[in-house]
Amino acid sequence: MLYQRSSALFTEAKKYIPGGVNSPVRAFKAVGGNPIFIKEAKGAYLYDEDDRKYIDYINSWGPLILGHAYQPVIDAVIEKTKKGTSFGTPTEIETKIAKLAVSMVPGIDQIRMVNSGTEACMSAVRLARGFTKKDKIIKFAGCYHGHSDSFLIQAGSGAVTFGTPNSPGVTKGTAQDTLLANFNDLGSVEALLEANKDEVACIILEPVAGNMGCIPPQKDFLQALRKVCDKHNVLLIFDEVMTGFRLAKGGAQELFGVNADIVTFGKVIGGGLPVGAFAAREEIMEYLAPNGPVYQAGTLSGNPLAMAAGLAMLSELNNDAGIYKRLEEKTTYLKEGLQKVLNKNKVTYTINQIGSMISVHFNDVPVTDFDSAAEANNEYFKKFFQGLLEEGVYIAPSAFETWFITDALSYEDLDKTIAAAEKVTAKW
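Rules and cut-offs
Residues numbered from 1 in each chain as written. Predicted model: local features only at pLDDT ≥ 70, side-chain atom pairs only at ≥ 80, totals over all residues. Heavy atoms only, no water. Helix = DSSP H or I, 4+ residues; strand = E, 2+ residues; numbered from the N terminus. Contact = heavy atoms within 4.5 Å. Pairing = 2+ DSSP bridges. Axes fitted to C-alpha atoms, helices over the stretch in contact; angles between N-to-C directions. UniProt positions renumbered as here; feature names shortened; annotations may be inferred. Phe/Tyr/Trp six-rings, centres within 6.5 Å; stacked < 30°, edge-to-face > 60°. Buried < 20%, exposed > 50% of the residue type's maximum accessible area, 1.4 Å probe, protein only.

1. Notes on the environment of Asp-135
Okay, so step 1: Within the secondary structure layout, Asp-135 lies in the loop between helix H4 (117–132) and strand S5 (136–140).
Okay, so step 2: Each C-alpha atom of the pair Asp-135 and Val-125 lies 9.5 Å from the other, and the pair is 10 residues apart in sequence.
Okay, so step 3: In this view, Asp-135 contacts Arg-129, Asp-177 and Glu-199; residues no more than four positions away in its chain are not counted.

In structure tokens:
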């Protein structure tokens, strides 16, 4: 049995942890089978409890842009640990990473550190509501902003209806303040704004969606959103938890030339440790406590270990002029190789890619929003996932997640991945 120890560990975990996991996607419910348990990782590779090696395309869901156990990050954390793990007081390193982040990202003057992407997005929406003195928000179907109540909303019967909660525990009152638009569909946004005049505080979206697979914005969509927000006095929030510091130094704002009013971060900014952040121009950030009336706090916010890891990571990215070009070239190489073997094996597919984010969808229509992503053949994806896993390639255990490319991947790794995909799909 390939995963004997992992299976035993999962059985034990289910006795003490709900579902045996601390985040649902890890349970492999979407792909079948039991999850593999990882004991260590280095560079582009994972090693499981059964001593099997995998080429990793999750990379802790994005933050390990330079690979697992990247030495400058590890060294920074070890040195900081020797001086204490948490103080609950201000530290100099918080200002250092804030100064660096502000210098790298366009359109922001100040940044507040938190502990997760969920916390960052939740706080950004609260800040937007406090600043605009309006209650409603617009989000997009298929964009994930964490598990805060305001974001766990699905569509009603029409584009301009109020949302309804799609998780028990989310109240109808909360749901009614969240309006749902369709990604890459400006008309759905304009209809909501017209139907809820002077009531919408903000529009929040992933500028490149990563939670329905990788779905880039269509041409001029983000620019048009910026204009619509300005017209209706609505704040534009970019959730750059995935894209921030990954697609470019300045994230999606830099890549697409569109400035959001508030930006949220996570993943890369923590170098692999739990971190989130939100940032904006000073006029907006001044509304935060202790300067302003919008309350937000966290005992472990700005934790010195997380700040050390993040500062080391951002410093490496800031000083490496070729990093983003290398990442895109490797991702494009992978995409073209996968296209070749899938065409050879007569598999129906669509591949989306931007920078170092990529996803394979088993359908033959452009994947531009949640509905088109949901039309893909999930049975094919299950076979693809399990087949690659057996070949030592670890992709996200869900058809609705992007893959993340790391600079630690070699072209030999990419060739092995392409060969594995050819072997797996040749059997279909």
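2. Examining the sheet that holds S5
Okay, so step 1: Taken in spatial order, the 7 strands make up an open sheet running S4-S12-S11-S10-S9-S5-S8, and their pairing is mixed. Two strands in the sheet have a free side with no partner beyond their single neighbour: strand S4 (110–114) and strand S8 (178–181). Direction aside, the axes of adjacent strands within the sheet are offset by 20 degrees on average.
Okay, so step 2: As paired strands, S5 and S8 are joined by 4 bridges and run parallel to one another. The residue of S8 that forms the bridge with Phe-140 is Ala-181.

3. Points about the UniProt feature "modified residue: N6-(pyridoxal phosphate)lysine" (unreviewed entry) in the protein
Okay, so step 1: Per the UniProt annotation, the sites labelled "modified residue: N6-(pyridoxal phosphate)lysine" (unreviewed entry) are Lys-267.
Okay, so step 2: Structurally, the position occupied by Lys-267 is in the loop between strand S11 (262–265) and strand S12 (276–280).
Okay, so step 3: Those residues within four positions of Lys-267 in sequence are excluded, and the remaining contacts are Trp-61, Gly-62, Pro-63, Val-241, Met-242, Gly-272 and Val-275.

4. Notes on the sheet that holds strand S16 (residues 403–404)
Okay, so step 1: If you walk across this open sheet you meet the 3 strands as S13-S14-S16, and the pairing is antiparallel. Edge positions in the open sheet fall to strand S13 (350–354) and S16, since each of these has one partner strand only.
Okay, so step 2: Of the pairings in the sheet, the one linking strand S14 (residues 357–361) to S16 comprises 2 bridges and is antiparallel in character. Bridging across to S16, Met-357 finds its partner in Phe-404.
Okay, so step 3: Packed on one face of the sheet, helix H11 (residues 323–344) meets S13, S14 and S16 and runs near 175 degrees to S13.

5. What to know about the packing of aromatic side chains
Okay, so step 1: For the structure on display, the rule yields 16 aromatic pairs.
Okay, so step 2: Both rings, one in Phe-140 and one in Phe-221, keep their centres 6.0 Å apart while their planes meet at 80 degrees; by these two values the pair is edge-to-face. Taken as a pair, Phe-140 in strand S5 and Phe-221 in helix H7 (residues 221–232) lie far apart in primary sequence, 81 residues in all.
Okay, so step 3: Judged by its relative accessible area of 0%, Phe-140 is buried.
Okay, so step 4: Classification of Phe-221 by relative accessible area gives buried; the value is 5%.
Okay, so step 5: Ring geometry for Phe-384 versus Trp-428: centroids 6.4 Å apart, planes at 75 degrees, classification edge-to-face. Of the two residues, Phe-384 is situated in helix H13 (residues 378–390) and Trp-428 in the segment after helix H14 (411–425); the sequence distance between them amounts to 44 residues.

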